[in-house]
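Breakdown of the fold
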Amino acid sequence: MFAKFISNANKTLLFRLLSENFKSQAPWYGIAILAMIVVAAMTSASAWIMRDIVNSSVVSKDINRVFEVAIMVAVIFFIKGIAGYIQSVFLSRAGNNIIAKTQKMLFSRILKQGISFYSKYPSSELLMRITTNAQAARSVIDLIVTSFVRDLFSLIGLAAVMVIQQPSLTLFSAIIVPGAIYGVRHLTKKVRKIMEQELASLGMIIQNVQETATGIRVIKAFGLEDYMNARMEKYVGEVEQRSNSIAKLEAASSPIMETLSGFAIAGVVALSGIWVLQEGNTPGELMSFITALLLAYEPAKRLARMRISLETGLIGVRMMYELADHPIDLSQKDNAVELAAGKGEISFRNVNFSYKENHRLFDNLNLDFPAGKTTALVGPSGGGKSSIINLAMRLYDPESGSVMIDGQDLRDVTFESLRNRIAYVGQDTFLFAGTVKHNIGLGREGASDEEIIAAAKAANAHDFIMRMPHGYDSDVGENGGNMSGGQKQRISIARAMLRNAEILILDEATSALDSESEHLIREALTRLTRDRTTVMIAHRLSTITFADNIVVMENGAVAEQGRPAELLSRDGPYRRLYELQLLPTAEQAMLL
Ligand SMILES: Nc1ncnc2c1ncn2[C@@H]1O[C@H](COP(=O)(O)OP(=O)(O)OP(=O)(O)O)[C@@H](O)[C@H]1O
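All of the points below concern the structure found in this document. Computed from a predicted structure; not experimentally measured. Sequence order as written defines residue numbering, which begins from 1 separately in each chain. In keeping with the model being predicted, local features are shown solely for residues with a pLDDT of at least 70 and side-chain atom pairs are shown and tallied solely at 80 or more, while totals for entire chains, interfaces and linings include all residues. Side-chain figures throughout are based on the complete set of non-hydrogen atoms in the structure, without hydrogens or water.

Turning next to the site of the ligand. Throughout, the term near means that a residue has one or more heavy atoms lying within 4 Å of the molecule or strand in question. In the vicinity of the ligand lie 13 residues, with Ser381, Gly382, Lys385, Ser386 and Ser387 positioned nearest. What qualifies as a polar contact is a pair of N or O atoms within 3.5 Å, subject to a donor-acceptor requirement within protein and to the restriction that residues adjacent in sequence count only when both atoms come from side chains. In this structure, an oxygen atom belonging to the ligand sits 3.1 Å away from a main-chain N or O atom of glycine 383. In this structure, serine 386 approaches the ligand through a side-chain N or O atom, which is 2.6 Å from an oxygen atom. Only the protein chains shown count as cover for residues, with accessible areas throughout obtained via the Shrake-Rupley method and a probe of 1.4 Å. Here the ligand, which alone exposes 640 Å², has 61% of that area covered by the protein. Where the shell around the ligand is concerned, the elements lending two or more residues are β1 (346-356) and α13 (385-392). Here the term charged refers only to Asp, Glu, Lys and Arg, the term nonpolar to Ala, Val, Leu, Ile, Met, Phe, Trp, Tyr, Cys and Pro, and the term polar to all other amino acids, Gly among them. Residues of the shell around the ligand, tallied by class, amount to four nonpolar, seven polar and two charged. Runs of E in the DSSP output that reach at least two residues are strands. Runs of H or I that reach at least four are helices, and both are numbered from the N terminus.

Before going further, it helps to spend a moment on the nonpolar core. If you look at the biggest cluster of nonpolar residues, it comprises 43 residues, and the most contacted ones within it are Val378, Val436, Ile440, Ile465, Ile493, Ile544 and Ile550. The element that contributes the greatest number of residues to this core is helix α18 (residues 485-499), accounting for six residues. Segmentation of the chain into domains, including their bounds, is taken from an automatic or database domain assignment. Two domains share this core, each providing at least three of its residues, namely domain 2 (341-421 + 503-515 + 531-592) and domain 3 (433-500). The definition of a nonpolar core used throughout is a set of buried Ala, Val, Leu, Ile, Met, Phe, Trp, Tyr and Cys residues joined through side-chain atoms within 4.5 Å. Each residue is placed in one exposure class: buried if its accessible area under a 1.4 Å probe, protein chains only, is under 20% of its type's maximum, exposed if it is over 50%, and partly exposed if it falls in between. In this structure, Leu17, Ala137, Ile141 and Leu323 belong to the second largest nonpolar core, which totals 33 residues.

This part is about the sheet that holds strand β10 (residues 557-562). When DSSP locates at least two bridges between a pair of strands, those strands are taken to pair. Strand order in the open sheet formed by six strands is β6-β7-β8-β3-β9-β10, with mixed pairing between adjacent strands. Only two strands of the sheet have a single neighbouring strand rather than two, namely β6 (422-425) and β10. Geometrically, the sheet is characterised by an average inter-axis angle of 20 degrees between neighbouring strands, direction not taken into account. Bridge count for strand β9 (residues 549-554) against β10 is five bridges, and the pairing is antiparallel. The partner of valine 552 across the bridge, within β10, is glutamate 560. In this fold α18 packs onto β6 and β7 (503-507), with an angle of close to 175 degrees to the strand it touches most, β6. Helix axes use the C-alpha atoms of the stretch in contact, all axes being lines fitted to C-alpha atoms, and the angles between their N-to-C directions lie in the range 0 to 180 degrees. Here, residues are in contact when the closest pair of their heavy atoms is within 4.5 Å.

This is the structure in structure tokens:
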């Protein structure tokens, strides 16, 4: 029966959801299920006792019996109330634990993913999958437990009351139920489709809000408020329309059920007169039967609609598992070893690499970054500079050939030992929510306050930090919103300084700073790069005169390399780049 109830794919999904979550929560679900059985039993008892209420007061007019029955009614409802409380508390406890566990699992999974995963899933989508879809896991389990235990047991109990009180009338009512279930079945498919579209539009709403928050400067500067508003209106409108369609479809199950139930009750009322009058049944039995029938209506309706609720809930669960199962394209080998301590020489040997199929960026690339020296990567945009540091940090793997540190292939070493040997200062100086101290301290776990301050001093950041309202305990604001570009850069230099790794990867900021800031940063970088293997992407050639070696990258290949003075003396690509950047154009020269 269950096989026909839901599709095979959904059945697999459901079994997986239950097997992964139900077991760990078994004690809580056990208690909740026991409480539900008590609730179901008390519901049936409240229908059963109608017979005694009516017979004792109306038929036998026995006042003592009336009091007895009244006490029993009070006890039934008291027990039902307590059991209902226990059921809710333990069901929620298990459910909340499932949400928490799912969210933790999803988050640690996406943290393991390589950079390419993040180009596939926009942040808004990740947000939705980790929040809304994780909730769906709980809702589906709740639905199964409440429907199969509370509703089914209530229905069985009430049916038993009905059979005992009026067997023939029960038979009549039973004919109606399959009709009602059939009536709601055809609605399921439609709801599923609309629900999928609704979730997609919901994702777009999140994306729009997120883009507004992160891109507010561009929005304001270009007066894009109307454009953003129009986009929001479109997505919100779509969600509104789809929600209405879903509500209409879901509600459509009500008229079907109401009409059929109306027929059942009308039939029962008509027949009951004949039975009571002709077959000598008591009015109490009849009242008990009708109460049981009416009480059975809600659980029966919920069970009939269960398929719709299950299908819609499973959409979220499927999306959650899609994220959880997304293969990790960049993983650590099972037999990975520690990256042995060394001087930090980086070498690329016969490296072939492409981001997209049939679109090779590096073709047999051979390149060395000598230990303890600073190598500057220069060249036109798209030449492959960032891709080199992506491979050197093992954010991507080459298709063939190898990237090595001190002769060890990066694919053979643990991520932890690799990351411990590298410090990174990126172009987008990302700061995390928290204090200045916290942001610098992320450079090395367990660093003392003194070490953090020493790193900040070396990064020329100490003085401006001390001028902040709470010094090192000042809040940096969202992504360093409370700081200038130059200050953020010095914080990230201090973070790298604290790491004290042999290898430094430096992606120079493209935005120009005022000369004071530029001078302070330059000084900090000179200290930071001293005696370290530094790979530095330089966008402004004026800043790399101190480099030991320069590599000019063009179209994924090394166009030229050598010492700065040596390259300048040649009439090659570096000299041309240099002249292009440093020599004022005729027009500029006239303005000077
Ligand atoms: N994640 C990616 N997916 C697909 N293609 C990419 C990706 N990143 C870079 N590329 C492509 O690879 C080539 C090299 O890019 P790369 O970012 O390494 O160049 P770059 O020299 O650092 O450029 P820039 O100076 O503009 O930062 C470019 O053609 C770029 O379009």
